[in-house]
Amino acid sequence: MSIAISEIFGPTIQGEGALVGVPTVFVRTGGCDFRCSWCDTLYAVEPRFKADWKPMGAGAILAEVNRLSGGRPLLVTLSGGNPALQPLDELLALGHGQGYTFAMETQGSKAQAWFGMLDHLTLSPKPPSSGMAFNRERFEACLAAGGDAQISLKLVIADEADYRWARALADDYPQLPLYLQPCNPAPATPEQPERETDTQELNARLRWLVDRVTGDRWYRARVLPQLHVLIWNNERGV
């Protein structure tokens, strides 16, 4: 079965969550069941860009990953859009056979049996500021499908309402490692692909989030920036 691919790039580093700083190749799929208000990858989300997505088989995807990595297995990050919409089981099997490990981030809106083949699964349900509703039943189906994968919870925080929502949600899943990150206040858009983010505002949001977490003595949470935004701003392909 073919997989809709928006882009494959790297090696670079993972910029978010539990694996921040780890060298990786990104396989970004096309298509998403969400339309978040602050989405920074609309080119991999909206149907108007479907003509730019390339249908590829698992073997062809892995061949490109091998070319980029120089044939040396490393972490492969499956991203989107929502990669959970794609048939990725064959890619996981082939990649594992060649020594690659796989991480994927999804909002937890669609469970797949192959989640258990992942090495790392990041569940990132979207907060109120996104404009998307949280569906607990679907989220828990994704959690159950993760099997033996290392599962973590990553929540984006844009404002006080998001923070309160994140605290309540995280309390319901105490078994999951928890990562918080401030929302990029000025992500690139298809109309402004070279748009630079407001780093001063982004750092202010990060400081605010640190102050909220430490002030509440919410010591379980790990607060991280989007490392790739700090290094490369909104540049694509890094």
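The preceding data block contains the structure.
Everything quoted here is computed from the prediction, not taken from an experiment.

*Asks:* Looking at this model, I keep getting lost on the overall build of the protein chain. Mind explaining?
*Replies:* A count of helices and strands for the protein chain gives six helices and nine strands. Burial statistics for the protein chain: of 238 residues in total, 50% are counted as buried. In the protein chain, of all internal contacts separated by at least 6 residues, the share reaching a separation of at least 24 is 71%. Within the structure as shown, the protein chain displays about 10,900 Å² of accessible surface, and the carbon and sulfur contribution to it stands at 50%. Here the protein chain holds 22 positive side-chain charges and 27 negative ones, and the gap between their average locations is 1 Å.

*Asks:* For this particular structure, what's the right way to read the pairing of strand S2 (residues 23–29)?
*Replies:* Side-chain positions along a regular strand alternate between the two faces of the sheet. Judged by how many residues are buried, S2 sits mostly within the fold: six of seven residues are covered. For strand S1 (residues 3–13) and S2, the ladder comprises six bridges, and the chain directions are antiparallel. Along S2, the bridge assignment pairs Ile13 with Pro23. Note: S2 against strand S4 (residues 75–79), five bridges, orientation parallel. Bridging across to S4, Phe26 finds its partner in Thr77.

*Asks:* What exactly am I supposed to notice about empty space enclosed by the protein here?
*Replies:* Think of a ball as big as a water molecule: rolled over the atoms, this probe shows where empty space is left. On inspection of all chains with the given rule, the structure shows one cavity of 30 Å³ or more. Considering only enclosed or pocket space, the largest cavity measures out at about 30 Å³ in volume. Among the elements that take part in the lining of the largest cavity, helix H5 (residues 199–215) stands out by supplying three residues, more than any other. Residue classes in the lining of the largest cavity are distributed as five nonpolar, two polar and no charged.

*Asks:* Can you help me understand the pattern of salt bridges in this one?
*Replies:* Pairing between side chains of opposite charge can happen when their charged atoms approach one another. Counted by the stated rule, this structure contains 13 salt bridges. Residue Glu16 is joined to Lys154 by a salt bridge in which the shortest nitrogen-to-oxygen separation is 2.4 Å. Of this pair, Glu16 sits in the loop between S1 and S2 while Lys154 sits in strand S7 (residues 150–157); the two residues are 138 residues apart in sequence, bridging distant segments of the chain. For Asp216, the salt bridge goes to Arg167, with nearest N and O atoms at 3.3 Å.

*Asks:* Could you clarify how one ought to interpret the packing of helix H1 (residues 58–69) against helix H2 (residues 89–97) in this entry?
*Replies:* Any two packed helices are characterised by the angle at which their axes cross and by the distance between the axes. Orientation of H1 relative to H2, taken along the N-to-C sense of each, is 45 degrees, at an axis distance of 9 Å. Regarding the angle of H1 to H2, the classification is oblique. Considering only the axes of H1 and H2, their crossing is right-handed. Where H1 abuts H2, its residues Ala58, Gly59, Ile61 and Leu62 lie against Glu90, Leu91, Leu94 and Gly95. For the contact of H1 with H2, the residue count by class is five nonpolar, two polar and one charged.

*Asks:* Just checking my understanding: could you explain the nonpolar core for this structure?
*Replies:* As a rule of thumb, nonpolar side chains are buried together in soluble globular proteins. Counting residues in hydrophobic clusters, the biggest one holds 47 residues, and the most contacted among them are Ile8, Ile61, Val65, Leu78, Met104, Leu118 and Trp218. Residues contacting Met104, with those up to four places away along its chain left out, are Leu78, Pro83, Ala84, Leu88, Trp114, Phe115, Leu118, His120, Leu121 and Thr122. In terms of nonpolar packing, the next biggest core, distinct from the first, is built from nine residues, Phe34, Cys36, Trp38 and Cys39 among them.

*Asks:* Can you help me understand the state of the cysteines in this one?
*Replies:* Formally, a disulfide is one covalent bond, and it connects the sulfur atom of one cysteine to the sulfur atom of another. The final tally for this structure, using the stated rule, is zero disulfides. In this structure Cys32 is not part of a disulfide, and its nearest cysteine sulfur, from Cys36, lies 6.6 Å away. Free cysteine: Cys36, not disulfide-bonded; nearest cysteine sulfur from Cys39 at 6.3 Å. By relative accessible area, Cys36 is classed as buried at 13%.

*Asks:* Teacher, can you tell me more about the environment of Glu191 here?
*Replies:* In this structure, Glu191 sits in the loop between strand S8 (178–182) and H5. Look at Glu191 and you get exposed, because its relative accessible area is 56%. Engagement of the side chain of Glu191 in a polar contact is seen with the side chain of Arg48, the distance being 3.2 Å.

What counts, and at which threshold
Residues numbered from 1 in each chain as written. Predicted model: local features only at pLDDT ≥ 70, side-chain atom pairs only at ≥ 80, totals over all residues. Heavy atoms only, no water. Helix = DSSP H or I, 4+ residues; strand = E, 2+ residues; numbered from the N terminus. Buried < 20%, exposed > 50% of the residue type's maximum accessible area, 1.4 Å probe, protein only. Contact = heavy atoms within 4.5 Å. Areas by Shrake-Rupley, 256 points an atom, 1.4 Å probe, with all protein chains shown as cover. Lys, Arg positive; Asp, Glu negative; His and termini not counted. Charge placed at Lys NZ, Arg CZ, Asp CG, Glu CD. Pairing = 2+ DSSP bridges. 1 Å grid on protein atoms, 1.4 Å probe; cavity = no way out; pocket = protein on both sides within 12 Å on 5 of 7 lines; lining within 4 Å. Points joined across faces, edges and corners; volume = space filled by probe spheres on them. Nonpolar A, V, L, I, M, F, W, Y, C, P; charged D, E, K, R; others polar. Salt bridge = Lys/Arg side-chain N within 4 Å of Asp/Glu carboxyl O. Axes fitted to C-alpha atoms, helices over the stretch in contact; angles between N-to-C directions. Parallel < 35°, antiparallel > 145°, perpendicular 65-115°, else oblique. Left-handed = near helix turned anticlockwise from the far one by under 90°. Core = buried A, V, L, I, M, F, W, Y, C linked by side-chain atoms within 4.5 Å. Disulfide = S-S within 2.5 Å. Polar contact = N/O pair within 3.5 Å; in protein donor to acceptor, adjacent residues only side chain to side chain.

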